[in-house]
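Analysis of the macromolecular model
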Amino acid sequence: MAFEAYSSALDDADIESSEIDGSVVCSATHYDKQRSPAGVVAEYLGLNPQPTFNVEAACASSAVGLRTAWALISSKLHDVVAVVGVQKMTELSSEEIQELMGRAGDVMWESPFGTTMPAYYAMYATAHMAKYGTTEEQMALVTVKNRKYGMKNPNAMFQKPISAEEVLKSRPVSAPLKLFDCCPNADGAACLIIANAEKAGKLTDTPVWVAGLGLASSPMSLAGRKGPLTSFEVTKNAAKAAYNMARVGPNDVDVAEVHDSFSITEILNYEDLGFAKPGGGTRLLEKEETELGGKIPVNIDGGLISKGHPVGATGASQLFALTKQLRGEAGSTQVDGAKIGLAQNIGGIGMYAAVTILKA
Amino acid sequence: MGFEKFGRFGYVSQTKINTLLSYLEKGQIAATKCKKCRRTYFPPRADCLDCRHSTIEWVVLDGKSSLITFTQVFFAPPAFQPETPYLLGLAQLTNGLRVFAPISPAVDKEQLNPGVELNLKVAKGSRNNLYYWLE
Ligand SMILES: [Zn+2]
């Protein structure tokens, strides 16, 4: 699986393994049967004896992998680095996944009460609904939108449209979230080839530049977080860093990929990234401003809700979609003249967030 | 038995704050306080992150709290499946610190909303396990 993504990235860059001087393998290793997977991934890809290691930041692993590669190249330690995001979740039984999911939070003070990934995001949803009047119907619109674009992405897991009614009627997972408010677990891989400016100029006529890298953390425990829990401070902090570094603001972004692990997450992300004011995420959605043709198209590759969420690969998959957009290769979902793209990737239950800004 | 006795299903056995269990046995819920800078911690911790001193004392909490948010879990980890659906909440104590805890099944879900006043009380499980919940 990693080979398929890696090989197509090599073809695209017209480069061979011998020219890649290091690899960063990104996976949430608690889901892997293979211990220290960088070892076997580098071997299978033909990347020995070059340096390789794992980067783990739960669902944000490969966004942090990009940050790592950028630092390796900026420091001049390396010229070309492959970032390989990969996760094979179907090797685990659903029992095993549920058991792991139960330990997604603070294992001493919160997991002993039966927490789950959806439970944490559901608690943000409850708070947002109480403060801003957000409804389950509005949250369902996120799934409807993302499934619509998933149909146009041959790599997406779900290729079928869905109605708001079907979302609302799906079985409860952690109230107010229902089955189709949640992204599905999936197997997947995505690969990025990162090079310094000199090398990139030789490899391609259409390089995409890393303009802004923001990464932040929040307390792992929900009890350790401040405020009414209607937004993710971690996203706001990562966004601020990325916007500063890229010297752009939310209004300059032409196309975005945001972490829609759950429908409510996408609404919060609009607000935390500055696409909408606090409480204004649902209005942005209802006015179809995040659709293709809107002010800021979001997740028009289908998002995690359609593509599935292969934890370690998700961040790189978002950056793959943005790269296609910025090169004008996104086909039927191309945003005309897209020059600036933003990807936002939340790790775990919101203890990490990465915001990456790419420029054509 | 160590700290795995804490919670509905505990994962961690050895901690620096196992003393919490002896308070729970007495029907009390206690926080820790740094003896040097007087900062209070709940959940309890043994090391002060402000002044980095590790001498603590225990202070009993009144349990009065205000709900910040909650959820009702239908799809649960294996150890918790027999209890579904169950309520989980985040609440703010009178000292400003926050607690993540189950909400007693005796509480009517329809009455729950951010801002609702609840009490943090000691709860006992069927396996001799001890914890606290909001009621
Ligand atoms: Zn202190």
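In this text the structure is predicted, and so the values were computed from the model without any measurement.

With respect to the packing of aromatic side chains
Summed over all chains, the structure comprises 18 aromatic pairs over all chains. With centroids separated by 5.7 Å and ring planes inclined at 55°, the aromatic side chains of Phe113(A) and Tyr132(B) adopt a geometry described as tilted. A residue pair is termed interchain when its members come from two chains, as with Phe113(A) in the loop between α4 (94-101) and α5 (117-132) and Tyr132(B) in strand β8 (residues 130-134). With respect to class, Phe113(A) is no different from Tyr132(B); both count as buried. Taken together, the aromatic side chains of Trp109(A), Phe113(A), Phe3(B), Phe6(B), Phe42(B), Tyr131(B), Tyr132(B) and Trp133(B) make up a single cluster linked through ring pairs. Looking at Arg8(B), its charged tip hangs above the ring of Tyr86(B), at a distance of 5.4 Å from the centre. Here Arg45(B) stacks its cationic end above the ring of Tyr41(B), 5.3 Å away from the centre of that ring.

Side note on unusual backbone geometry
With omega at 10°, the peptide bond leading from Ala175(A) into Pro176(A) counts as cis. If you trace the backbone, Pro176(A) turns up in the loop between β4 (172-175) and β5 (177-178). The omega torsion across Phe42(B) and Pro43(B) is -5°, close enough to zero to call that bond cis. Relative to the helices and strands, Pro43(B) resides in the loop between β2 (40-41) and β3 (56-60). If you check the backbone angles, Arg52(B) has positive phi at about 65° while not being a glycine. You can see Arg52(B) is positioned in the loop between β2 and β3.

Quick notes on the pairing of strand β7 (residues 117-124) of chain B
Residues and elements named next belong to chain B. The sheet contact formed by strand β4 (residues 64-73) and β7 spans 3 bridges and is antiparallel. For serine 65, the partnering residue across the bridge sits in β7 and is leucine 118. Two strands pair when backbone bridges link them, and β7 and β8 are joined in this way by 5 bridges, in the antiparallel orientation. Residue pairing across strands places valine 122 opposite tyrosine 132, the latter belonging to β8.

Concerning the coordination of the zinc ion
Residue and element names in this part refer to chain B. The zinc ion binds to the protein through Cys34 (SG), Cys37 (SG), Cys48 (SG) and Cys51 (SG), with metal-donor distances spanning 2.3 to 2.4 Å. Taken together, the 4 donor atoms coordinating the zinc ion and their angles of 98 to 120° define a geometry best described as tetrahedral. Mapping the donors of the zinc ion onto the primary sequence yields the spacing C-x2-C-x10-C-x2-C. With cysteine 34 in strand β1 (residues 30-34) and cysteine 51 in the loop between β2 and β3, the pair connects residues that are 17 residues apart, well separated along the chain. Exposure remark for cysteine 34: the relative accessible area of 1% places this residue in the buried category.

What about helix α1 (residues 2-13) of chain A?
Residue and element names in this part refer to chain A. For α1, with 12 residues, the first-to-last C-alpha span of 17 Å sits near the 16 Å given by 1.5 Å per residue. Those residues of α1 not exposed but buried are Ala2, Ala5, Tyr6, Ala9, Leu10 and Ala13. Taken end-on, α1 shows its buried residues confined to a sector of 135°, consistent with a single buried face. The outward face of α1, more than 90 degrees from its buried face, is lined by the exposed residues Glu4 and Asp11. Where α1 is buried, its residues contact α2 (38-45), β3 (80-87), β6 (188-195) and α8 (197-203). A positive phi of about 50° marks aspartate 14, the residue just after α1.

Details of the interface of chain A and chain B
For an interface, size is often stated in terms of accessible area lost upon the parts coming together. Across the boundary between the two partners, chain A contributes 35 residues, which contact 40 residues of chain B. Together chain A and chain B conceal approximately 3000 Å² of surface at their shared face, both sides included; 72% is due to carbon and sulfur atoms. The largest contributions to the chain A side of the interface with chain B come from Trp109(A), Phe113(A) and Met123(A), which together make up 28% of the buried area. Inspection of the region where chain A meets chain B yields 0 salt bridges.

Remarks on the sheet that holds strand β9 (residues 340-347) of chain A
Residue and element names in this part refer to chain A. An order of β7-β10-β9-β8 is seen for the 4 strands of this open sheet, with the pairing classed as mixed. Looking at which strands have only one partner, the edges of the open sheet turn out to be β7 (209-217) and β8 (255-257). Strand-to-strand, the axes of this sheet are offset by a mean angle of 15°, without reference to chain direction. In the sheet, β9 pairs with strand β10 (residues 352-359) via 8 bridges, with the strands oriented antiparallel. Directly across from isoleucine 346, in β10, lies its bridge partner alanine 353.

Re the sheet that holds β1(B)
Residue and element names in this part refer to chain B. If you trace the 3 strands from one edge of the open sheet to the other, you get β2-β1-β3, paired in antiparallel fashion. Of all strands in the sheet, those with a lone pairing partner are β2 and β3, marking the two edges. The pairing of β1 with β2 spans 2 bridges and is classified as antiparallel. Paired with threonine 32 across the bridge in β2 is tyrosine 41.

Here we look at a positive patch on the surface
All names here are of chain A. Side chains of Lys277, Arg283, Lys287 and Lys295 sit close together on the surface and give a patch of like positive charge. Relative to the helices and strands, lysine 287 resides in the loop between α11 (281-286) and α12 (303-307). For lysine 287, a relative accessible area of 47% puts it in the partly exposed group.

About the thresholds
The numbers attached to residues start from 1 for each chain and follow its sequence in the written order. Here chains are named by letter from A upward and ligands by number from 1 upward, in the order in which they appear as written. At least 70 in pLDDT is required for a residue's local features to be given in this predicted model, at least 80 for side-chain atom pairs to be given and counted, and no such filter applies to totals for whole chains, interfaces and linings, which use all residues. Derived side-chain values reflect all non-hydrogen atoms in the structure, with water molecules and hydrogen atoms excluded from consideration. Pairing of aromatic rings covers Phe, Tyr and the six-membered ring of Trp, with a centre-to-centre limit of 6.5 Å; geometry is then stacked below 30 degrees between planes, edge-to-face above 60, and tilted otherwise. Per the convention used, a helix needs a DSSP run of H or I reaching at least four residues, while a strand needs a run of E reaching at least two, with both numbered from the N terminus. For each residue, the accessible area found with a 1.4 Å probe, counting protein chains only, is set against the maximum for its type, and the residue is called buried under 20%, exposed over 50%, and partly exposed in between. Only Lys NZ and Arg CZ are tested; either one counts as a charge over a ring when it is within 6 Å of the ring centre and within 35 degrees of the ring normal. Strands were regarded as paired on the criterion that DSSP finds at least two bridges between them. Coordination here is defined by N, O and S atoms within 2.8 Å of the metal (3.2 Å for Na, K and Ca), and since water is not considered, a site can look incomplete. By the criteria applied here, four donors are tetrahedral when all angles lie between 85 and 135 degrees, four are square planar and six octahedral when opposite donors are over 155 degrees apart and every other angle lies between 65 and 115, and any other arrangement is irregular. What a helix should span is 1.5 Å times the count of its residues minus one. Each direction from the helix axis to a C-beta atom contributes to the arc, which is the arc of those directions. Pairs of residues are marked as contacts when any of their non-hydrogen atoms sit within 4.5 Å. Note on definitions: buried area is the accessible-area loss of two parts on being combined, 1.4 Å probe, summed for both. When a carboxyl oxygen of Asp or Glu lies within 4 Å of a side-chain nitrogen of Lys or Arg, that pair is called a salt bridge. Lines fitted to C-alpha atoms define the axes, with helix axes restricted to the stretch in contact, and inter-axis angles between N-to-C directions lie between 0 and 180 degrees. For patch building, the residue pool is restricted to those with more than 30% relative accessible area and no salt bridge; the joining distance is 9 Å between like charges and 5 Å between nonpolar side chains (Val, Leu, Ile, Met, Phe, Trp, Tyr). Each accessible area is a Shrake-Rupley result for a 1.4 Å probe, and residues are judged covered by the shown protein chains and nothing else. Residues scored as positive are Lys and Arg, those scored as negative are Asp and Glu, and His as well as the terminal groups of each chain are ignored. Working definition for charges: the position is that of NZ of Lys, CZ of Arg, CG of Asp or CD of Glu.

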